[in-house]
Amino acid sequence: MTGTTRRRSRRDEILDIAVGLFAARGYHGVSMDDIGAAAGVTGPALYHHFAGKEAMLAAALIPVSEGLLAGGRERAAGHPDDPRGALESLIDFHVDFALAHPAVIALHLNELDRLPEEPRRMIRRLQRLYVEEWVTVLTALHPGLPAGEARVLAHAAFGLMNSTPFLGGEVDRQRRAELLRGATLAALLARTDS
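Because the structure is predicted, anything quoted here is derived from the model rather than measured.

### Re the environment of D12
Next, step 1: With respect to the secondary-structure elements, D12 resides in helix α1 (residues 10-25).
Next, step 2: Along the sequence, D12 and A60 sit 48 residues apart, while their C-alpha atoms lie 9.4 Å from each other.

Put into structure tokens, the structure is as follows:
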């Protein structure tokens, strides 16, 4: 093991298995015993790592939302006087994330409401802050565009980019990334005045 390579913890391995099962079968379609069987441990042994399924779901979604916000801020800040460059960087970042983590995208879309109020509220807050990074870039790119309309455009772009869990494998990953980047950029560069 090199200095930069960190061995994944057993907890992380179990969490990845749970995420895959939740995405494939839905939160209510998976039991702790199912996760344990897939991970090669008994269901009750999972409680050593997680308090329950809700804790697993929160452990999967909170760091993702934090990472999206941090990455979005970094990408936008990297182009302080170039809104188009910032937009392209945000799109690259989000497309790469969506293609690398389709199961997490599916969880965000379908299972977020399964969480207790506090972690759900935290994730929603992080998501709103991430959207605002896009709104700032879009309003700089399109002077006169109201922030509310920029939010509509940002959410439309997320819908396009987050379609990745539902795409088949008939188009290779690199080409899917090119298509998603191009379509998202074209949509967000289009004239917004009527």
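### Here's the deal with the UniProt feature "DNA-binding region" (unreviewed entry) in the protein chain
Next, step 1: Mapped onto this structure's residue numbering, the UniProt feature "DNA-binding region" (unreviewed entry) falls at residues 31-50.
Next, step 2: Secondary structure across residues 31-50 comprises 40% helix and 0% strand; the distance between its end C-alpha atoms is 13 Å.

### What about the UniProt feature "domain: HTH tetR-type" (unreviewed entry) in the protein chain?
Next, step 1: The sites that carry the UniProt feature "domain: HTH tetR-type" (unreviewed entry) are, in the present numbering, residues 8-68.
Next, step 2: Annotated as 66% helix and 0% strand, the span residues 8-68 places its first and last C-alpha atoms 21 Å apart.

### What about the environment of S163?
Next, step 1: Topologically, S163 is positioned in the loop between α7 (147-161) and α8 (173-189).
Next, step 2: Placed 17 residues apart in sequence, S163 and L180 show a C-alpha to C-alpha distance of 9.2 Å.

### A short note on the environment of R173
Next, step 1: The topology assignment puts R173 in helix α8.
Next, step 2: Residue classification places R173 among the partly exposed positions, given a relative accessible area of 41%.
Next, step 3: Considering only alpha carbons, one finds R173 and V95, 78 residues apart in sequence, at a separation of 11 Å.
Next, step 4: Apart from the residues lying within four places of it in its own chain, the contact partners of R173 are D96, L99 and A100.

### Describing the pattern of salt bridges
Next, step 1: Evaluated as defined, the whole model comprises twelve salt bridges.
Next, step 2: Measuring nitrogen to oxygen at the nearest pair gives 2.9 Å for the salt bridge that ties E111 to R114.
Next, step 3: With relative accessibility at 36%, the residue R114 sits in the partly exposed group.
Next, step 4: Overlapping salt bridges, with partners in common, bring together D92, D96 and R181 in one network.

About the thresholds
- Residues numbered from 1 in each chain as written.
- Predicted model: local features only at pLDDT ≥ 70, side-chain atom pairs only at ≥ 80, totals over all residues.
- Heavy atoms only, no water.
- Helix = DSSP H or I, 4+ residues; strand = E, 2+ residues; numbered from the N terminus.
- UniProt positions renumbered as here; feature names shortened; annotations may be inferred.
- Buried < 20%, exposed > 50% of the residue type's maximum accessible area, 1.4 Å probe, protein only.
- Contact = heavy atoms within 4.5 Å.
- Salt bridge = Lys/Arg side-chain N within 4 Å of Asp/Glu carboxyl O.

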